[in-house]
Amino acid sequence: MESVKSEINGHQWTIHLLTYRQWKSQSLPAKTWGLCNRSKRTISVRKDLAKQTFLDTLVHELVHAQNELLFEAEETVTRMGTDISKALLATERVFVVVD
């Protein structure tokens, strides 16, 4: 499992990038691509997704991590993640490498 540290909203978070096999072995929800755990300050994202889906999922989970008020607002966070990831990719200055 690959992991990176990042400061989010003034706190240190760990972002885990997992393969599908690693995702399953950790008993994470099968029908999801990412997960934000606010109490542990961790984000887990499947790294074997298509680049648009990976970036969309990562941004989605970052929004959950950054804004406690939006933690339960799944529809809003989903729309934000998709819109932000599309805009980032459209600039052609953000490159996503997927395994």
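Up top is the structure.
1. What about the overall build of the protein chain?
Argument step 1. Assigned secondary structure in the protein chain consists of three helices and four strands.
Argument step 2. Here the C-alpha atoms of the protein chain give a radius of gyration of 13 Å, agreeing with the 13 Å that 2.2 N^0.38 yields for 99 residues.
Argument step 3. For the protein chain, the spread of C-alpha atoms along the principal axes amounts to about 35 × 30 × 25 Å.
Argument step 4. Burial analysis of the protein chain (99 residues in total) assigns 35% to the buried set.
Argument step 5. When contacts within the protein chain are restricted to residue pairs at least 6 apart in sequence, long-range pairs at least 24 apart make up 49% of them.
Argument step 6. Approximately 6400 Å² of the protein chain is accessible, and the part contributed by carbon and sulfur atoms is 53%.

2. Concerning the pairing of strand β1 (residues 2–8)
Argument step 1. As paired strands, β1 and strand β2 (residues 11–18) are joined by seven bridges and run antiparallel to one another. Of the residues in β2, the one forming a bridge with Glu 2 is Leu 17.
Argument step 2. Taken together, β1 and the strand that follows it, β2, pair antiparallel across an intervening segment of two residues, in which Asn 9 is found at a positive phi of about 55°.

3. Digging into the side chain of Arg 46
Argument step 1. Locating Arg 46 in the fold gives a position in strand β4 (residues 42–46).
Argument step 2. Classification of Arg 46 by relative accessible area gives buried; the value is 10%.
Argument step 3. In this structure the side chain of Arg 46 is engaged in a polar contact, spanning 2.9 Å, whose partner is the side chain of Asp 48.
Argument step 4. Leaving out residues up to four positions away in the same chain, Arg 46 has contacts with Leu 18, Thr 19, Tyr 20, Trp 23, Thr 32, Trp 33 and Phe 54.

4. Observations concerning helix α2 (residues 51–66)
Argument step 1. The terminal C-alpha atoms of α2 lie 22 Å apart, and with 16 residues this matches the ideal 22 Å at 1.5 Å per residue to within 8%.
Argument step 2. Every buried residue belonging to α2 is among Phe 54, Leu 55, Asp 56, Thr 57, Leu 58, Val 59, His 60, Glu 61, Val 63, His 64 and Ala 65, and all of these are buried.
Argument step 3. Next to the buried residues of α2 lie β1, β2, β3 (34–37), β4 and α3 (74–90).

Conventions and cut-offs
- For every chain, the first residue of its written sequence is number 1, and the numbers climb from 1 along that sequence.
- Where local features are concerned, this predicted model is filtered to residues with pLDDT of at least 70; where side-chain atom pairs are given and counted, the filter is 80 or more; whole-chain, interface and lining totals use all residues.
- Water and hydrogen atoms were dropped before computing side-chain values, which therefore reflect all heavy atoms in the structure.
- Going along the chain from the N terminus, every DSSP run of H or I of four or more residues is numbered as a helix, and every run of E of two or more is numbered as a strand.
- For a compact globule the rule gives 2.2 Å times the number of residues to the power 0.38, and the radius of gyration it is set against comes from C-alpha atoms.
- Burial classes: relative accessible area under 20% of the type maximum marks a residue as buried, over 50% as exposed, and values in between as partly exposed (1.4 Å probe, protein chains only).
- Contacts are residue-level and defined by heavy atoms, with any inter-residue pair within 4.5 Å sufficient.
- Where accessible areas are quoted, they stem from the Shrake-Rupley method and a 1.4 Å probe; at the residue level, only the protein chains shown are allowed to cover.
- When DSSP finds two or more bridges between a pair of strands, those strands are recorded as paired.
- Definition of a polar contact: a pair of N or O atoms within 3.5 Å, with one able to donate and the other able to accept a hydrogen when the atoms are protein atoms, and with sequence-neighbouring residues admitted only if both atoms are side-chain atoms.
- For a helix, the expected span equals 1.5 Å multiplied by the residue count minus one.

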